[in-house]
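Close look at the chain arrangement
This is what each chain is made of:
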Amino acid sequence: MIFNRKKIKTTGKQTLRLNYRKYVIVCLIVLLIGGGYTGTRDALFSAAEPSVIPEETTQTTLDRLPSSAKNSQAVDDFVKGVNDIYQVRNDTLTKMRAYKPTRGIFAQFFNNISSSGDFISGSLNAINHIAFKGQLQEGIIIYAALLIGILFSLFVAKILGVGEKRVFLESRRYTGTKMERILFPFQIRRVLKLGLAFIRLEIYNFLWMLTVIGAFIKRYSYYLVPYILAENPNITGKEAIALSRTMMNGHKWEMCKLELSFMGWYILNSLSFGLVGIFYFNPYKTCCETEVYMLLRREAITKNLPGSNLLNDVCLDPEMVVPEAYPVHEYHLPIPKQREWLKIDYNVNYPIQHLILIFFSFAFVGWVWEVSLHLVADGVFVNRGVLFGPWLPIYGAGSVLVLILLRPFRHNHLLTFFLAILVCGVIEYGTSYFLDMKFHTKWWDYSGYLLNINGRVCLEGLLVFGLGCYAIIYLVAPLLESLFSHLGRRLGWIIATILIALFLTDLVHSHFHPNKGKGITDYQSHTIKKMDISIG
């Protein structure tokens, strides 16, 4: 008997033990991004929903009742307690929804998403208001959100599921296989082909759903399609569906009984709010399904069933488990050679004269950036900044400081990004505070932006600065260093000295006569108040 449930489960457990950590992570990725394992996802979401009546509050309400209270009074007090809970919750929600940032791109997204309650629709509405000034009809937004959701399901979620099946197929015998193989369909550039295959499969499933009983039967007829596409993503959806039907012929009831044998695990998964599924059941069940596929695959090849020639990944055949990774170079579909990107050594120790030149380079770039923003938005030229020269020292200082202070962290890209945001935030807030104290004037004001602190810094600006500093550290500054090195030490110092002299002259003049005017400091003067972080 080819379909031995006990043997399938035993082998599945053995494979899971050999690849436990990898399988758990891969299944979790598919759950969160690919939309798989709906039972676990539903259990998690049900656990995340707040109860209507918190137990602690209910007990407190009942404990306040005197022992001699009548039943009617107890009910009245209990209902009043529940109403109080609802009132607090509603007041909180009302206050949160009342927060409406008025400026910036993030404000558009925040307001539209919070009002619509849907990320995709809200995002599209925000893009509509930003790019098309709110002229698109609401129906277009709804249909666009629906279309994006469908495309994501077919060309990302479903294909990620194929990558998951690929990881399980390879790791079954090659335990050294990396979890990055979940991106296998994207690496071999078969996204469009696989997406079209799933479109055909979804159409078939929809048509069979109209027959009710046919939907149940065809669910098992098409059960192996993701595995077949994972083994050979170069075939069409029609071929994969036909082959799955052939391989499942005579085995649909056995597959149904295998699924029913997991009923206890489904119950435990629900009772544990999805934790059992995440840490054991999901990878265990997928291991068993992989064993079923390999058994039926072997039968199809042995019996030379129609379409079995498409099951041509011979590297999946060995019975012995080895600690090596799957031999990618022996796969019949080669992975296209990746593009050679510009190789840059970002671990540079910048000499002082080059840091000075970098300071003025980015001070000038910052000035051009600010001037361009006003030129595009208002159609007029505005000489931005406290100084009169074509430089904004806050940009130059920020660039130099992240190059110096964050050098020990350059090997950690993510940490560098967040530390760059922190450095830029401190510089921008400190500069704004200093200018306000000295001149009682604002040169910028983020009031109305999402998550701003006293109008001096805001989330939107800090993220832009963080991305800019990331580009400076890993790309732009090393290229400038290579360029400045061609100047020679003497010429570099001459240029740096001239720039410093001009800058100091501008600094002294601006100390007594700072650059002010329309588009520069046309904000209301104010008195520094206690710091207030605007979070709603």
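A brief structural summary. Values in this document were obtained by computation on a predicted structure and should not be read as measured data. (Residues numbered from 1 in each chain as written. Predicted model: local features only at pLDDT ≥ 70, side-chain atom pairs only at ≥ 80, totals over all residues. Heavy atoms only, no water.)

1. Side note on the overall build of the chain
In terms of helices and strands, the chain carries 21 helices and two strands. Across the 536 residues that make up the chain, the buried fraction comes to 41%. Taking the intrachain contacts of the chain between residues at least 6 apart in sequence as the baseline, contacts between residues at least 24 apart amount to 73%. Counting only carbon and sulfur atoms, one obtains 65% of the accessible surface of the chain, whose full area is about 30,400 Å². (Helix = DSSP H or I, 4+ residues; strand = E, 2+ residues; numbered from the N terminus. Buried < 20%, exposed > 50% of the residue type's maximum accessible area, 1.4 Å probe, protein only. Contact = heavy atoms within 4.5 Å. Areas by Shrake-Rupley, 256 points an atom, 1.4 Å probe, with all protein chains shown as cover.)

2. Considering a nonpolar patch on the surface
A cluster of nonpolar side chains, Leu260, Met263, Tyr266, Ile267, Leu268 and Leu271, forms an exposed patch at the surface whose accessible area comes to about 570 Å². Considering every element that reaches the nonpolar patch, the biggest residue donor is helix 15 (residues 263-271), with five residues. The topology assignment puts leucine 260 in helix 14 (residues 252-260). (Patch = residues over 30% accessible without salt bridge, like charges linked within 9 Å, V, L, I, M, F, W, Y side chains within 5 Å. Salt bridge = Lys/Arg side-chain N within 4 Å of Asp/Glu carboxyl O.)

3. Quick word on the pattern of salt bridges
Under the criterion given, the structure shown has 17 salt bridges. Salt-bridge contacts for glutamate 202 lead to lysine 158; the nearest nitrogen and oxygen are separated by 3.3 Å. Of this pair, glutamate 202 sits in helix 10 (residues 191-209) while lysine 158 sits in helix 8 (residues 138-171); the two residues are 44 residues apart in sequence, bridging distant segments of the chain. When its relative accessible area of 32% is taken as the criterion, glutamate 202 is described as partly exposed. In this structure lysine 158 comes out as partly exposed when scored by relative accessible area, which is 30%.

4. Examining the nonpolar core
In this structure, Ile228, Leu229, Met247, Met255 and Tyr293 are the most contacted members of the largest nonpolar core, which totals 60 residues. Put simply, the parts of the chain that give this core at least two residues each are helix 1 (5-18), helix 2 (20-34), helix 8, helix 10, helix 12 (225-231), helix 13 (237-248), helix 14 and helix 16 (275-302). Looking at which element gives the most residues to this core, the answer is helix 16, with nine residues. The residues contacting isoleucine 228, other than those within four sequence positions of it, are Ile235, Ala240, Leu243, Ser244, Met247 and Tyr293. Within the second largest apolar cluster, 29 residues are counted, among which are Val348, Tyr350, Phe362 and Val402. (Core = buried A, V, L, I, M, F, W, Y, C linked by side-chain atoms within 4.5 Å.)

5. Overview of the packing of aromatic side chains
In the structure shown here, the tally under the stated rule is 27 aromatic pairs. Judged by centre distance (5.7 Å) and plane angle (75°), the rings of tryptophan 391 and phenylalanine 503 are edge-to-face. Here tryptophan 391 is found in the loop between helix 17 (352-378) and helix 18 (393-405), whereas its partner phenylalanine 503 is found in helix 21 (residues 489-512), with 112 residues between them in sequence. For the pair shown, tryptophan 391 and phenylalanine 503 are each scored as buried. When the centroid spacing of 5.6 Å and the interplanar angle of 70° are considered together, the rings of phenylalanine 439 and tryptophan 443 count as edge-to-face. Take phenylalanine 439: its relative accessible area is 16%, and that puts it in the buried class. An aromatic cluster of three or more residues is present, and its members are Phe262, Trp265, Tyr266, Tyr280, Phe281 and Tyr284. One residue, lysine 9, lies across the ring of phenylalanine 262, its end atom 4.8 Å from the ring centre. The ring of tyrosine 220 carries arginine 219 above its face, with NZ or CZ at 5.0 Å from the centroid. (Phe/Tyr/Trp six-rings, centres within 6.5 Å; stacked < 30°, edge-to-face > 60°. Lys NZ or Arg CZ within 6 Å of the ring centre and 35° of its normal.)

6. Overview of the side chain of serine 171
Positionally, serine 171 belongs in helix 8. Assessed through its relative accessible area of 0%, serine 171 is described here as buried. Those residues within four positions of serine 171 in sequence are excluded, and the remaining contacts are Asn19, Lys22, Tyr23 and Thr177.

7. Quick word on helix 13
Every α-helix winds through 3.6 residues per turn, so residues three or four apart in the chain are directed the same way. Spanning twelve residues, helix 13 covers 16 Å between terminal C-alpha atoms, matching the ideal 16 Å at 1.5 Å per step. Inspection of helix 13 places Gly237, Ala240, Ile241, Leu243, Ser244, Met247 and Met248 among the buried residues, and these make up the whole buried set. Seen from one end, helix 13 has its buried residues packed into an arc of 165°, which puts them on one side. Those residues of helix 13 that are buried lie in contact with helix 10, helix 11 (213-221), helix 12, helix 14 and helix 16. Glycine 250 occupies a position one or two residues after helix 13 and carries a positive phi of about 90°. (Expected span 1.5 Å × (residues − 1). Arc of directions from axis to C-beta.)

8. Brief notes about the packing of helix 17 against helix 18
Helix packing for two helices is described by the angle between their axes and how far apart those axes are. Packing of helix 17 against helix 18 brings their axes to within 7 Å, and their N-to-C directions diverge by 135°. Between helix 17 and helix 18, the angle falls in the class oblique. As helix 17 packs across helix 18, the resulting crossing turns out to be right-handed. On the side of helix 17, the interface is formed by Leu355, Ile358, Phe359, Phe362, Ala363, Gly366, Trp369 and Glu370, while helix 18 contributes Pro393, Tyr395, Gly396, Ala397, Ser399, Val400, Leu403 and Ile404. Its residues placed into classes, the contact of helix 17 with helix 18 shows twelve nonpolar, three polar and one charged. (Axes fitted to C-alpha atoms, helices over the stretch in contact; angles between N-to-C directions. Parallel < 35°, antiparallel > 145°, perpendicular 65-115°, else oblique. Left-handed = near helix turned anticlockwise from the far one by under 90°. Nonpolar A, V, L, I, M, F, W, Y, C, P; charged D, E, K, R; others polar.)

9. A closer look at the environment of threonine 177
Its location among the elements puts threonine 177 in the loop between helix 8 and helix 9 (184-187). Residue class for threonine 177 comes out buried when judged on its relative accessible area of 4%. In this structure the C-alpha to C-alpha distance between threonine 177 and proline 323, which are 146 residues apart in sequence, comes to 8.4 Å. If we ignore the near neighbours within four places in the chain, the residues touching threonine 177 are Lys22, Glu170, Ser171, Glu324, Ala325 and Tyr326.

10. What about the environment of tryptophan 208?
Mapped onto the secondary structure, tryptophan 208 falls in helix 10. On the basis of relative accessible area, tryptophan 208 is assigned to the partly exposed category, the value being 32%. Taking the C-alpha atoms as reference, tryptophan 208 lies 9.2 Å from arginine 219; in sequence the two are eleven residues apart. Aside from chain neighbours lying at most four places away, what touches tryptophan 208 is Gly214, Ala215, Lys218 and Tyr222.

11. Details of the packing of helix 10 against helix 13
Remark: helix 10 packs on helix 13, axes separated minimally by 8 Å, with the N-to-C direction vectors making an angle of 55°. Classified by the interaxial angle, the pair formed by helix 10 and helix 13 is oblique. Facing Ala197, Arg200, Leu201 and Tyr204 of helix 10, the residues of helix 13 in contact are Gly237, Lys238 and Ile241. Class assignment of the residues belonging to the contact of helix 10 with helix 13 gives a composition of four nonpolar, one polar and two charged.

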